[in-house]
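One-letter residues, chain by chain:
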Amino acid sequence: MTLTTPPLAAKIPSSTTHHGTTVTDDYAWLRDPGYPEVTDKAVLDHLKAENAWFEARMASQQGRIDALFKEMRARIKEADKSVPQKDGDYLYWIEFEEGAEYKKWWRRPVSGGADQLILDEVALAQGHEYFRLGALSVSANGRLLAYAIDDNGSERFTARIKDLATGELLPDEIPGTLSSLVWVAGDKGLVYSLANEQWRTDNARLHWLGQPLDTDIELYHEDDEGFRVGSSLSANEEWLIIGSSDHETSEVRLVPVADPLARPILVRPRQTGVEYDVDLRGDTLFIHANDTHENFRLATAPLADPGNWTTLIAGSDAFYLTGFDLFRDFYVIEGRRAGLDQIEVRYYDDPARVEPIVFPEASYSAGLGDNPEWAVDTLRLSYESMVSPASVLDYSVAARTLTTLKVQEIPSGYDASLYVTERLEIPARDGTAIPVSVVMRRDRVGAGPLHLYGYGAYGIAIEPGFSTTRLSLVDRGFAYAIAHIRGGDDLGRAWYKAGKLERRTNTFTDFVDVANGLIARGLTQAGRISISGGSAGGELMGAVINSDPGLWGAVVAHVPFVDVLATMLDPTLPLTPGEWPEWGNPIEDKAAFELIRSYSPYDQVRAQDYPPLLVTAGLNDPRVTYWEPAKWVAKLREMKTDRNELLLKTNMGAGHGGKSGRFESLKETAEEFAFILWQLGVEE
């Protein structure tokens, strides 16, 4: 049977009243009351009908999808392995075999001996529609491997322990984890966090190997429902670091690894708006904190008086200090200057000695890679740019030289000289200069199609990195641009703050202004721009198609956070209490209620023409629940006045990240690009 009309969701009136304002929602019924179990027949039937409509409308593009997938896959080296890295008595690496969706984890003794397969993701994923490896941790003595897996996309992981000497699984099994796995007490104990009913980690727990789960000990419990708890090891592996935080405030406790039941040392009590993280060397704490400057400082304190902080590196308007790593003989700081990644080696005995690591390109993404050992003389780094494939480098600290160990291989071929990248500055409507990273072919001329990507939330910077899939657009005449809009921290903490709470709409207007600026520079035209974003970037997509629908020729919104008001009004949802510092609390604050309602994409859908739109969702997604995109599409179908494509694809066996596996996820990218090329009328 050929489908000729899209599914129309039933309208069942529902309303709530807040601050004297009544909000109506005809599609609230799409939220299954039994969530996270989704069993309501009407809900499932509607999602399946939308999927059938997606399949029917995309059928004409199947040849293009197949061709895109084939070329994308041809750029991936199927049989590939990482550069081995030493950790204790072993060298560790991962390998992909030809055709495999998932990787295998290997090691071999430094002293010589046979390679040992320590974890086989391919085997673990067998028979599952979805698979994701979460935490993975080898015990200090190298004998035991703790790991956690999710086989449905719900992000509730089950932790297991494997004896690497025998290959056997220990009887210990911990379901419902959402955390790292940290070995303590001479490898006799494992510290983890459970996700509670609201998918929040409000605890740090200790499991003694071989003991029943109901005897596990809660080392720390967080009473603030907006805070999450996480645990890690200090660089010298002598301390367990238990951190608790929301989006703007943090608090850290220290526990000796050798005695995890010792009374925790509170570094400094939480203070609203102050974020800090900690590591230790000997009896000295190093603290990365934003208490004196929003771009963070690095301070030290004696272990005996951990709240007494002395500045080591002062905060700066020019340098955004994003983090630090301690090693035995030196330490490393990372940050950004004018939005560009910086890495510096510094010395404990000479604070004035600063050795920046210099990279060759004007625009790039670089950072510390995997450096597990305390006493090292070489640092493992990662490096890429919009035209340079990902590279693994070693930096000799003494010689101050970089050695390239591996460059991402592209089997079907890649000639960097065919492409050009530049970093533009485009003024926003309030005069603020917005950085934009652009890549295109050197032979591209005129105002052709352009793809614009944005995120702009949570202080997450979008790096100008390399993408093999992106080439499928660029080689078809597209310019590909990343708008480094406010709400991310690309230019520092002030950049983040300028796109949150009462200034949230800067994120949306920045994106629109960048698009108009790219048109003004002759790179494209209105209606020839495709755009995409996911999660909070999907909120961005929803906002800009409401405000400026005529600019966009095709829009892809992945797991979009579009029902902002209803979600922020519901404290029972997994993320909501922790999100209030980001968006505002509309339950208690009328001004926040009014502001969120004024931009929430679902609430602002109106009777107007909308651009072609492809929306994705995950039935098991705990971050952006499936009903947000489903309700949004239903309301758009009702309200929009055009005949443009509107498609919703719900992954019925996956979560926030879409399908798992390197090729299955590639198929979804091929679908996205086929939709864009189709809607923009780009011929092969």
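Residues numbered from 1 in each chain as written. Predicted model: local features only at pLDDT ≥ 70, side-chain atom pairs only at ≥ 80, totals over all residues. Heavy atoms only, no water.

*Asks:* Can you help me understand the sheet that holds strand 14 (residues 203-208) in this one?
*Replies:* Strand pairing within a sheet occurs via backbone hydrogen bonds; the two strands may be parallel or antiparallel. Strand order in the open sheet formed by four strands is 12-13-14-15, and the pairing between neighbours is antiparallel. Every interior strand has two partners, whereas the edge strands, strand 12 (182-184) and strand 15 (217-221), have only one. Pairwise comparison of adjacent strand axes, ignoring direction, gives a mean angle of 25° for this sheet. Where strand 13 (residues 189-192) meets strand 14, four bridges bridge the pair, whose relative direction is antiparallel. Of the residues in strand 14, the one forming a bridge with V191 is L206. (Pairing = 2+ DSSP bridges. Helix = DSSP H or I, 4+ residues; strand = E, 2+ residues; numbered from the N terminus. Axes fitted to C-alpha atoms, helices over the stretch in contact; angles between N-to-C directions.)

*Asks:* Any chance you could explain the side chain of S472 here in plain terms?
*Replies:* When you line up the elements, S472 lands in helix 4 (residues 471-474). Within polar-contact distance, the side chain of S472 engages the side chain of E71 at 2.7 Å. (Polar contact = N/O pair within 3.5 Å; in protein donor to acceptor, adjacent residues only side chain to side chain.)

*Asks:* Help me understand empty space enclosed by the protein in this model?
*Replies:* Take a probe with the size of a water molecule and roll it over the atoms, and the empty space left behind shows itself. One pass over the structure, following the stated rule, counts one cavity of 30 Å³ or more. Each pocket or cavity is described by its volume, and for the largest cavity that value is around 50 Å³. Every residue along the wall of the largest cavity is listed here: R336, G339, R423, A461, I462, E463, P464, H484 and D490. In terms of residue class, the lining of the largest cavity is made up of three nonpolar, two polar and four charged. (1 Å grid on protein atoms, 1.4 Å probe; cavity = no way out; pocket = protein on both sides within 12 Å on 5 of 7 lines; lining within 4 Å. Points joined across faces, edges and corners; volume = space filled by probe spheres on them. Nonpolar A, V, L, I, M, F, W, Y, C, P; charged D, E, K, R; others polar.)

*Asks:* Even after reading the chapter, I still don't get the sheet that holds strand 34 (residues 450-453), so can you show me in this structure?
*Replies:* What the eight strands build is an open sheet, ordered 32-33-35-34-36-37-38-39; its pairing is mixed. Either end of the sheet is taken by a strand with one partner, and the two such strands are strand 32 (419-427) and strand 39 (646-651). Taken over all neighbouring pairs, the strand axes of this sheet differ in orientation by 15° on average, direction set aside. Taken together, the nine bridges between strand 32 and strand 33 (residues 433-441) define a ladder with antiparallel strand orientation. Residue E422 lies in a different strand from strand 33, and its bridge partner there is V438.

*Asks:* Before we go on, may I ask you to explain helix 7 (residues 536-547) in this structure?
*Replies:* Within an α-helix, residues lying three or four positions from one another point in the same direction, as the helix has 3.6 residues per turn. Taking 1.5 Å per residue, twelve residues should reach 16 Å; helix 7 reaches 17 Å between its end C-alpha atoms and fits that length. When you tally the buried positions in helix 7, you get eleven out of twelve residues, the bulk of the element. If you check which residues of helix 7 are buried, you get A536, G537, G538, E539, L540, M541, G542, A543, V544, I545 and N546. (Expected span 1.5 Å × (residues − 1). Buried < 20%, exposed > 50% of the residue type's maximum accessible area, 1.4 Å probe, protein only.)

*Asks:* Hey, could you run me through the packing of aromatic side chains in this one?
*Replies:* Think of a pair of aromatic rings as described by two things: how far the centres are apart, and how the planes are tilted against each other in angle. On inspection of all chains with the given rule, the structure shows 21 aromatic pairs. Relative to Y348, the ring of Y331 has its centre 5.4 Å away and its plane inclined at 40°; by these criteria the two rings are tilted. Highlighted residues: Y331 in strand 25 (residues 331-337) and Y348 in the loop between strand 26 (340-347) and strand 27 (350-356), separated in sequence by 17 residues. Joined through ring pairs, the aromatic side chains of Y35, Y626 and W627 make up one cluster. Its end group placed over the ring of F663, R73 keeps NZ or CZ at 3.8 Å from the ring centre. Lying across the ring of Y90, R107 places its NZ or CZ 3.7 Å from the centre. (Phe/Tyr/Trp six-rings, centres within 6.5 Å; stacked < 30°, edge-to-face > 60°. Lys NZ or Arg CZ within 6 Å of the ring centre and 35° of its normal.)

*Asks:* How should the packing of helix 2 (residues 62-74) against helix 12 (residues 662-680) be read in this particular structure?
*Replies:* Two packed helices can be described by the angle between their axes and the distance between those axes. The interhelical angle for the contact between helix 2 and helix 12, taken along N-to-C directions, is 130°, at an axis separation of 8 Å. In terms of axis orientation, helix 2 runs oblique to helix 12. Judged by the sense of rotation from one axis to the other, the crossing of helix 2 with helix 12 is right-handed. Residue-level contacts link R64, I65, L68, F69, M72 and R73 of helix 2 to F663, L666, K667, T669, A670, E671, F673, A674, L677 and W678 of helix 12. For the contact of helix 2 with helix 12, the class distribution of residues is eleven nonpolar, one polar and four charged. (Parallel < 35°, antiparallel > 145°, perpendicular 65-115°, else oblique. Left-handed = near helix turned anticlockwise from the far one by under 90°. Contact = heavy atoms within 4.5 Å.)

*Asks:* Would you mind showing me how to read the pairing of strand 27 here?
*Replies:* When a strand is regular, its side chains alternate between the sheet's two faces. Pairing between strand 26 and strand 27: four bridges, direction antiparallel. Across the sheet, V345 pairs through a bridge with E355, a residue of strand 27. The antiparallel pairing of strand 26 with strand 27 creates a hairpin that spans two residues between the two strands.

*Asks:* Looking at this model, I keep getting lost on the pattern of salt bridges. Mind explaining?
*Replies:* Should the charged atoms of two oppositely charged side chains come close, the side chains can pair. Evaluated as defined, the whole model comprises 46 salt bridges. A salt bridge links K497 to E294; the shortest N-O distance between them is 3.2 Å. Of the two residues, K497 is situated in helix 5 (residues 493-497) and E294 in the loop between strand 21 (284-289) and strand 22 (297-302); the sequence distance between them amounts to 203 residues. Judged by its relative accessible area of 28%, E294 falls in the partly exposed class. As a salt-bridge pair, D510 and R486 come within 2.8 Å of each other at their nearest N and O atoms. Placement of the pair is D510 in helix 6 (residues 505-520) and R486 in the loop between strand 35 (479-483) and helix 5, with a sequence separation of 24 residues. In this structure, D510 and R486 share a single accessibility class: buried. Several salt bridges share partner residues, and in doing so they unite E222, E251, R253 and R270 into one network. (Salt bridge = Lys/Arg side-chain N within 4 Å of Asp/Glu carboxyl O.)

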